[in-house]
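Chain by chain, the residues run as shown.
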Amino acid sequence: MTEILLVLNTGSSSVKFRIFGAAADLPLLADGRVTGIGTAPVFTVKGETPRELPQDLTQKQALQYVLDWIDAADDGRHVVAAGHRIVHGGGVFCAPVLLTPEVLDRLDGFVPLAPLHQPHNLAAVRALAEIYPGLKQIGCFDTAFHAGHDAVADCFALPEKLREEGVRRYGFHGLSYEGTAHFLAQEGKIPPRVVVAHLGNGASLCAMKNGKSIDTTMGMTALDGLPMGTRCGALDPGVLIYLLRTGMSPDALEEMLYHDAGLKALSGGVSDMKALLEDGGEKAVFAVDYFTRKVTQYIAMMAASLGGLDLLVFTGGIGENAAPVRRAVTEGLAFLKPFDVRVVGADEERVIARHILEFLSQEQEKS
């Protein structure tokens, strides 16, 4: 019987999964997803023909479909543990953790800080627990990689009472950054001053000193910092006060900032960078120019936190595939002393699988 690890990244309309062998080299055995939940669900596994699923498919049913597909393979595979990407661990969860009901209840408290992701991450854990009782489920947090920041990096200039209540910077995309740091370490010594640009529909930067995060662009929520596909990025808080005072409700404001801002707002409706680069129209060019300028400015800010720049790494969908964006950003940073530029593929799922394997190994040692 082959022991396997199931890694899940669950959103509002998708369940992405990868299956790894539970061995030190973590062989990738399957890569698939259910997309279009709530509209037109489709099940896709790399190397297989996509299959349409019932229109009324729920997230729990999508998970069941994935498990049924694993069982139907009939090749002696046995899921020994599942790992989940959990976006927000707050200041409480700074390392992978066994997802017990008590832990899930605490993680519910961070839903307002990550409303796009956290509810769906946690719903998948609970659904899998119903389908597969007794299965060990491990939570890995996008905030954890940034947990070692000093107070200057994480603090807002707000009253002490608010700061004590947890109103502070947390940072995100930590699993991606951890994976990049691991990749660079495997290649040899990590340069002391590295900025990693995770550029995709969600986008942020991380300043790494000797492989450790010391600063990042996202804040308490995943809205801050760089402009993104549909999210605003950094914004004068006075704008929010103005919008609230002139009649916009908090719910409508949240909807706009998360779903109707960023590249989508600047271009007149297009959030996809590939489509914007192919468009070439005035609004599309403006949106791309805005994005590249902000990325360039914020990389310079991260370099200031590091005291210089030895290596700039691009990762994520835009970072890996949009050469014009990489070129514009790199040219915009020509005023800095010479630095190397790399493109590294994002592989958060392998990071999660590595954490599951470490967790299981530690459990064995204890027993």
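A brief structural summary. (Residues numbered from 1 in each chain as written. Predicted model: local features only at pLDDT ≥ 70, side-chain atom pairs only at ≥ 80, totals over all residues. Heavy atoms only, no water.)

1. Section: the overall build of the protein chain
- Counting its secondary structure elements, the protein chain contains 14 helices and 13 strands.
- Whereas a compact globule of 367 residues would reach a radius of gyration of roughly 21 Å, the protein chain reaches 21 Å, a difference of no more than 12%.
- Each principal axis of the C-alpha atoms in the protein chain carries an extent, and together these give about 55 × 50 × 50 Å.
- Going through the 367 residues of the protein chain one by one, you find that 47% of them count as buried. (Helix = DSSP H or I, 4+ residues; strand = E, 2+ residues; numbered from the N terminus. Rg over C-alpha atoms; globule rule 2.2 N^0.38 Å. Buried < 20%, exposed > 50% of the residue type's maximum accessible area, 1.4 Å probe, protein only.)

2. Quick word on the sheet that holds strand β13 (residues 340-343)
- Here we have 5 strands laid out as an open sheet, ordered β11-β10-β9-β12-β13, and mixed in their pairing. Two strands close off the open sheet at either side, each with one partner strand: β11 (212-216) and β13. For this sheet, the mean inter-axis angle between neighbouring strands, taken without regard to orientation, is 25°.
- By the bridge criterion, 5 bridges tie strand β9 (residues 193-199) to strand β12 (residues 311-315) in an arrangement that is parallel. Bridge pairing in β12 links V195 to L312.
- Across the sheet, helix α11 (residues 282-306) is in contact with β9, β10 (203-209), β11 and β12; its angle to β10 comes to roughly 20°. (Pairing = 2+ DSSP bridges. Axes fitted to C-alpha atoms, helices over the stretch in contact; angles between N-to-C directions. Contact = heavy atoms within 4.5 Å.)

3. Points about the side chain of Q59
- When you line up the elements, Q59 lands in helix α1 (residues 59-72).
- In terms of polar contacts, Q59 uses its side chain to reach the backbone carbonyl oxygen of H120, at 3.4 Å.
- With sequence-adjacent residues up to four places away left out, Q59 is seen in contact with T10, G11, V15, I37, H120, A123 and A124. (Polar contact = N/O pair within 3.5 Å; in protein donor to acceptor, adjacent residues only side chain to side chain.)

4. Points about the packing of helix α2 (residues 101-108) against helix α3 (residues 118-131)
- Orientation of α2 relative to α3, taken along the N-to-C sense of each, is 165°, at an axis distance of 10 Å. Considered as vectors, α2 and α3 are oriented roughly antiparallel to each other. When the axes of α2 and α3 are compared, the crossing they make is left-handed. Across the interface between the two elements, L104, D105, L107 and D108 from α2 touch Q118, L122, V125 and R126 from α3.
- A per-class count over the contact of α2 with α3 returns 4 nonpolar, 1 polar and 3 charged. (Parallel < 35°, antiparallel > 145°, perpendicular 65-115°, else oblique. Left-handed = near helix turned anticlockwise from the far one by under 90°. Nonpolar A, V, L, I, M, F, W, Y, C, P; charged D, E, K, R; others polar.)

5. Thoughts on the nonpolar core
- L199, M273, F291, I299, L312 and V325 are the most contacted members of the largest nonpolar core, which has 35 residues in total.
- When contributions to this core are tallied by element, the ones reaching two or more residues are β9, β10, α10 (273-279), α11, β12 and α13 (323-332).
- It is α11 that contributes the most residues to this core, 10 residues altogether.
- Apart from residues lying up to four places away in sequence, F291 is in contact with L199, A203, P227, L263, M273, I318 and V325.
- Counting 25 residues, the second largest nonpolar core, distinct from the first, contains V45, A62, L63 and A124. (Core = buried A, V, L, I, M, F, W, Y, C linked by side-chain atoms within 4.5 Å.)

6. Things to note about the sheet that holds strand β4 (residues 42-45)
- Here we have 8 strands laid out as an open sheet, ordered β5-β4-β3-β2-β1-β6-β8-β7, and mixed in their pairing. What marks the edges here is a single partner per strand, and that holds for β5 (51-52) and β7 (97-98).
- Relative to β4, strand β3 (residues 28-35) runs antiparallel, the two being bridged by 4 bridges. By the bridge assignment for β4, R33 is matched with T44.
- Relative to the sheet, α1 contacts β1 (2-10), β2 (15-21), β3, β4, β5 and β6 (77-86), its axis offset from that of β2 by approximately 30°.

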